[in-house]
Amino acid sequence: MIRPHRKHPLWLAYAAHRVSGLGLALFLPAHFHVLSLAITRPKDLDTFLSFAEAPLVKLAEFGLVFLLAIHFFGGLRLLALEFLPWSGCQKNLAAATVAGAFLVSGLFFLRAI
Amino acid sequence: MSKSEKTLHVSVWRGEGPQGRFETFRVPRQDNQTVLDVVSWIQQNTDPSLSYRYACRVGMCGSCAMMVNGQPRWTCRTHVSRVADGDRLQIGPLRNLPVIKDLAVDMDPFFEKWIKAGGAHRPSRSRTEPIMPVSPQEPGRVEANKAIECINCAVCYAACDTVAGNPDYLGPAALQRAWTLYNDVKIDDRQAALDRATAAGGCQNCHSQGSCTRFCPNELDPLSAIAGLKRAAAASYFKRRSE
Ligand code: HEM
Ligand code: SF4
Ligand code: SF4
Ligand code: FES
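Note that the structure is predicted; figures quoted are calculated from it, not measured.

S.K.: How should I be thinking about the packing of aromatic side chains in this particular structure?
M.R.: Aromatic rings in a pair are described by how distant their centres are and how their planes are angled relative to each other. One pass over the full model with this rule turns up eleven aromatic pairs over all chains. Taken together, a centroid distance of 5.5 Å and an interplanar angle of 90° make the contact between Phe-72 of chain A and Phe-73 of chain A edge-to-face. Judged by relative accessible area, which is 49%, Phe-72 of chain A ranks as partly exposed. Site record: aromatic cluster; members linked through ring pairs are Phe-72, Phe-73 and Phe-102 of chain A. The residue whose ring lies beneath Arg-190 of chain B is Tyr-182 of chain B, and the NZ or CZ to ring-centre distance is 4.8 Å. Lying across the ring of Phe-215 of chain B, Arg-214 of chain B places its NZ or CZ 4.7 Å from the centre.

Set out below in structure tokens:
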């Protein structure tokens, strides 16, 4: 249960940012290890890459990208919140613009692949 | 209204110091009843030994704050109808401060941090000098004015998880005060105000969870004040490096 004094959007955004940040931190050493295989043991890398084609691993990859997206936009949100002394109205406009741009560029990206 | 709805089941924290437990009281429900009314009713009609604190009853003095159903509230201006969970109310001492007895907490750590953050006014002129004219439109004054209604109730301090996790963190109210002073043209040494707010336990500890702003009963915005301190600190860092 979320304790009552934490039930508001900013606290939940904080929790999402912390959890996604920790998730990424756990992933990063593994990622570097796999990259290092390219130099040290190319064969093992190829085995790993074919393993990474499995649907379950693909799903996990999606999770990682999702974590990064949460953390990236959460980080940008914090930087905007703390470094841009904007009014509420300006913030809403900016958020709407970013969301709109993301939607448009995302659609183009999906059509490209 | 059915009969059961006319009685409130109120669990109230009882105990001295860190030990204690919730004790349940039945209190008649009334229209326009505040949480402080409920606490006073228990003390006047059921248990005279119940300890709690209040003074003004009108949201001026900042002494009556408690945890109500898990959230920090100024009890004198919180209507039961707004916070009761059906006919249930849980009232505890303010979070993040040591309990003296029952619902009364020791506010000293809160006020000590206010002083540590430089909260005392250090004027740039003495009383023999003429008063410095300050335009209400001056941007620094506009920023400083936003926080002058703080009543030191410590509701924000109780809401903040960063305070809970770091006993040295100055907390939202003290840092908001530092931001006010930093913007006040009548203050003698504004860089000193910023230095105190950025020392250990200062504004960089804040994770922008915003519980302070969410719960401040006077609708002040410590979150944005602390963000202002972070901006000023970053600007001052780069300015000093390039000097
Ligand atoms: C993609 C670009 C990234 C941006 C814009 C970003 C931004 C930020 C910001 C602004 C904070 C401060 C949050 C706070 O004060 O609570 C933060 C915290 C954190 N970041 Fe990132 N970050 C990024 C990538 C990463 C990566 C790749 C990792 C994993 C290694 C990571 C791990 C963390 C962790 C563990 C925290 C602490 C969370 C907290 O204090 O609540 N970040 N990040
Ligand atoms: S915004 Fe900062 S000061 Fe306010 S509750 Fe969150 S961590 Fe505490
Ligand atoms: S900022 Fe608001 S919640 Fe915090 S002490 Fe002042 S009046 Fe109370
Ligand atoms: S009794 Fe003074 S603020 Fe509530």
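S.K.: Teacher, can you tell me more about the interface of chain B and chain A here?
M.R.: By a widely used convention, the size of an interface equals the accessible area lost when the partners come together. In this complex, chain B contributes 19 residues to the contact, which on the side of chain A involves 14 residues. Here chain B and chain A share an interface that buries about 1500 Å² over both sides, 55% of which is from carbon and sulfur atoms. When the area that chain B buries against chain A is broken down by residue, the three leading residues are Ser-208, Gln-209 and Arg-231 of chain B, summing to 34%. The closest approach of N and O atoms between Lys-230 of chain B and Glu-82 of chain A, which form a salt bridge, is 2.7 Å. Linking chain B to chain A there are ten residue pairs in polar contact (both at pLDDT 80 or more). Those elements that place two or more of their residues in the side of chain B that touches chain A are strand S4 (71-74), helix H9 (211-215) and helix H10 (222-242) of chain B. When residues in the side of chain B that touches chain A are grouped by element, the largest group, five residues, is from H10 of chain B. Grouping the constituent residues of the side of chain B that touches chain A by class yields six nonpolar, eight polar and five charged.

Parameters and conventions
- Numbers given to residues run from 1 along each chain, matching the order in which its sequence is written.
- Whichever chain is written first becomes A and whichever ligand is written first becomes 1, with later ones labelled in order.
- For a predicted model such as this one, the threshold for reporting local features is a pLDDT of at least 70, and the threshold for listing and counting side-chain atom pairs is 80 or more; totals across whole chains, interfaces and linings nevertheless cover every residue.
- As a convention, hydrogens and water are excluded, and side-chain values are obtained from all of the structure's heavy atoms.
- Each Phe, Tyr or Trp ring (for Trp, its six-membered ring) is paired with any other whose centre lies within 6.5 Å, and the angle between the two planes then decides the class: stacked below 30 degrees, edge-to-face above 60, tilted in between.
- For every residue, the accessible area (1.4 Å probe, protein chains only) is compared with the maximum for its type, and the residue is labelled buried under 20%, exposed over 50%, or partly exposed between those bounds.
- Lysine and arginine charges are scored as sitting over a ring when NZ or CZ, respectively, is within 6 Å of the ring centre and within 35 degrees of the ring normal.
- Residues count as neighbours in contact if any of their non-hydrogen atoms are within 4.5 Å of one another.
- Buried area: the sum, over both parts, of the accessible surface (1.4 Å probe) that disappears when the two are put together.
- By salt bridge we mean one thing: a side-chain nitrogen of Lys or Arg within 4 Å of a carboxyl oxygen of Asp or Glu.
- Contacts described as polar in this section are N or O atom pairs within 3.5 Å, which, within protein, must combine one atom able to donate a hydrogen with one able to accept it, while residues neighboring in sequence count only if both atoms come from side chains.
- Each helix corresponds to a stretch of at least 4 residues labelled H or I by DSSP, and each strand to a stretch of at least 2 residues labelled E; elements are numbered beginning at the N terminus.
- For this classification, the nonpolar set comprises Ala, Val, Leu, Ile, Met, Phe, Trp, Tyr, Cys and Pro, the charged set comprises Asp, Glu, Lys and Arg, and every other residue, Gly included, is treated as polar.

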